[in-house]
Amino acid sequence: MGQQHLGIIGLGVMGFNLGLNAEGKGFPVAGFDASAEKTRQVAAQVAGKNFAVAHSLRELADALERPRRILIMVPAGAPVDSVLGELRPLLDPDDIVIDGGNSHFKDTERRARDLEHAGLRFFGMGVSGGEEGALRGPSLMPGGHEESYRHLEPLLTRMAAQVADGPCCAYIGPGGSGHYVKMVHNGIEYGILELIAETYGILKNVLGLSTTEIRDIFAAWSDSDLNSFLLEITALVLAKIDPETGQPLVELILDEAEQKGTGKWTAQDAMDLGVAIPTLASAVEARILSSQKQDRLAASEILRGPARRFAGDRKPWIARLRDAYQLAVITCYAQGFEQLYVASHEYDYRLRLAEIARIWKGGCIIRARMLDAVQAAFTAQPQLKNLMLSPVFSRAANELSESLREVVRTVVDLGAPGLAFAASLGYIDSYRQRRLPANLLQALRDCFGAHTYRRVDRDGVFHTDWSR
Ligand code: 6PG
């Protein structure tokens, strides 16, 4: 019987770095990759470490202590099913298989059901933090068979990033909950990335600032209570000069955003659940619009915007933009956590929202100082549906909303793109209404399709013949 504590299948940069991370924390690792070339490279890189390199899945299975812990780090989709198909006959009941990729949570639910039938334990684990995080300490979101988590906890909590109140890893819930939480993490990531991009676009194209001046603004925001990993790397990226041209490298990058699908899945599932996440969804749509470069080039010749230019005082306006950014980011967290709240009930995940905020405070891409307040809000009110109703965030929303309104007003007036900023403001303005114009919408539905409506003054369901 083998002695290695953790097996890893897929030794690409994420799998390899997670392996090095585990080995560095004292957990013997065995790794396998389908590519003979990759296997050779890894074998050379791990010489002298307690990191065995297997040449087949059988060799990997034999190298592991029982119950086996096997982490699959291959691209989401068919490759995961193919690995599981090959691995399954080599495993024994109670062995634990973890999928650490960005798999769709419904695939994870299906795989968990299939493997549980064979007595195996399956975990879908969100891993956030990119290559660096995988090596130094990611945020880990494992969901699956609760009882088996005790076999993973010592390893995963040591591998994870550490913050003042503990490791950035916690048992999330049953089934596909770990991948669900990671998916929503990515939805929030999309929203914040789009807000940063729009802020840069506004500073550059509306205010006419240079890339260096914009860098200084992001660096200053990052050094304040607004601090977040994404603001930090924005300042870093904007400072990078292309050695060949001497220009800021960012200005030479093609403006077509790509995506692997987790933001889109977040929006799709929010629609299924009936949760409004306009800022997160608009971020997916902004990426789609950006990717249609040829269409935009054609449209730019035909469709005109206003000829007006920014006329105000830049400094106070940038302070308002900061407030607007802060409130728009709050709406990203509010929308994402409301989706988690609803999904938790709908899918019976029993999510602990304060704990999720806590494990996002380190290691992951959306780590930010603001998450302390998010964690505190859900600790004080575990059944809080929308963050903006908590004392701290409602106060912030009320204080910052005039700035968000001013920024959206200016962006609209000057014809600058600001889908995510506008979506955030529209979200707040709709959410805070006692009465929305949906009464007319209901009347119209009933008029053209006899869809019926309810009344404010009596119970029941009504239909009217509107033509008489
Ligand atoms: C993380 C990231 C990561 C994600 C990339 C790319 O938390 O480490 O969310 O898992 O895959 O950010 O996502 P897109 O290609 O869809 O932008």
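Rules behind the numbers
Position numbers for residues start from 1 in each chain and track the written sequence from start to end. Reporting in this predicted model follows two pLDDT cut-offs: at least 70 for local features of residues, and 80 or more for side-chain atom pairs to be given and counted; totals over whole chains, interfaces and linings ignore these cut-offs and use all residues. To get the side-chain values, all heavy atoms of the structure are used, and hydrogens and water are removed first. Strands here mean DSSP runs of E at least two residues long; helices mean DSSP runs of H or I at least four residues long; both are numbered from the N terminus. For a compact globule the rule gives 2.2 Å times the number of residues to the power 0.38, and the radius of gyration it is set against comes from C-alpha atoms. Note on contacts: a residue pair qualifies if any of its non-hydrogen atoms lie within 4.5 Å across the two residues. Calculation of accessible area relied on Shrake-Rupley with a 1.4 Å probe; when residues are assessed, cover is drawn exclusively from the protein chains displayed. For this purpose, a residue is taken to be near a molecule or strand whenever a single non-hydrogen atom of the residue falls within 4 Å of it. Counting of polar contacts relies on pairs of N or O atoms within 3.5 Å, with two restrictions inside protein: one atom must be capable of donating a hydrogen and the other of accepting it, and residues adjacent in sequence are counted only when both atoms are side-chain atoms. Classification used: nonpolar for Ala, Val, Leu, Ile, Met, Phe, Trp, Tyr, Cys and Pro, charged for Asp, Glu, Lys and Arg, polar for all others including Gly. The start and end points of each domain follow an automatic or database-based domain assignment. In these notes, a set of buried Ala, Val, Leu, Ile, Met, Phe, Trp, Tyr and Cys residues joined through side-chain atoms within 4.5 Å is what counts as a nonpolar core. Working definition: with a 1.4 Å probe on protein chains only, accessible area under 20% of the residue-type maximum means buried, over 50% means exposed, and in between means partly exposed. Any pair of Phe, Tyr and Trp rings, taking the six-membered ring for Trp, is counted once the centres come within 6.5 Å. Such a pair is stacked with planes under 30 degrees apart, edge-to-face with planes over 60 apart, and tilted for the rest. Charge-over-ring contacts are defined here by two conditions on Lys NZ or Arg CZ: a distance within 6 Å of the ring centre and an angle within 35 degrees of the ring normal.

Each helix and strand in the chain was counted, giving 19 helices and nine strands. Since a compact globule built from 468 residues should have a radius of gyration of about 23 Å, the 25 Å found for the chain is in line with a globular shape. Expressed along its principal axes, the backbone C-alpha trace of the chain runs to roughly 75 × 70 × 45 Å. Look at the contacts in the chain between residues 6 or more apart in sequence, and 69% of them connect residues 24 or more apart. Accessible area for the chain stands at about 22200 Å²; split by element, carbon and sulfur atoms hold 53% of it.

Residues in contact with the ligand amount to 14 residues; listed here are only the nearest, S128, K182, E189, Y190 and R287. Between the ligand and the protein, one listed contact pairs an oxygen atom with a side-chain N or O atom of N102 at 3.0 Å. Relative to its unbound accessible area of 420 Å², the ligand is 79% covered by the protein chains. Of all the elements, helix α8 (residues 177-206) adds the most residues to the shell around the ligand, at five residues. Looking at side-chain class alone, the shell around the ligand contains two nonpolar, eight polar and four charged residues. Per-domain counts for the shell around the ligand show at least three residues from each of domain 1 (6-175) and domain 2 (182-431).

Now for the nonpolar core. I192, Y325, Y333, F337, L340, W360 and F421 are the most contacted members of the largest nonpolar core, which has 91 residues in total. The element that contributes the greatest number of residues to this core is helix α14 (residues 314-346), accounting for 17 residues. Each of domain 1 (6-175) and domain 2 (182-431) accounts for three or more of the residues forming this core. When near neighbours in sequence (up to four residues on either side) are disregarded, F337 contacts L353, I356, A357, W360, V374 and F378. Judged by nonpolar contacts, the second largest core, of 29 residues, contains L6, I8, L18 and V42.

Here the amide bond leading from R66 into P67 is cis, since omega sits at -10°, within 30 degrees of zero. With respect to the secondary-structure elements, P67 resides in the loop between α3 (57-63) and β4 (69-72). A positive phi angle, near 50°, is found at A450, a position not held by glycine. Looking at where A450 falls in the secondary structure, it is placed in the segment after α19 (438-449).

Next up on the list: the packing of aromatic side chains. Using the criterion set out here, one finds 15 aromatic pairs in the structure. Centroid distance Y149 to Y171: 5.5 Å. Interplanar angle 45°. Geometry classified as tilted. Of the two residues, Y149 sits in the loop between β7 (139-144) and α7 (153-159) while Y171 sits in the loop between β9 (166-167) and α8, which places them 22 residues apart along the sequence. Considering the side-chain rings of Y180 and Y347, the 5.7 Å spacing of their centres and the 65° angle between planes classify their relative orientation as edge-to-face. Of this pair, Y180 sits in helix α8 while Y347 sits in the loop between α14 and α15 (353-359), and the two are 167 residues apart along the sequence. Over the face of the ring belonging to F229 we find R367, whose NZ or CZ atom lies 4.1 Å from the ring centre. Positioned over the ring face of F462 is R455, at 5.8 Å from the centre of the ring.

What follows concerns the domain arrangement of the chain. A common way to express how large an interface is: the accessible area buried when the components associate. Split into domains, the chain comes out as domain 1 (6-175), domain 2 (182-431) and domain 3 (437-468). Here the C-alpha centroids of domain 1 and domain 3 sit 55 Å apart.

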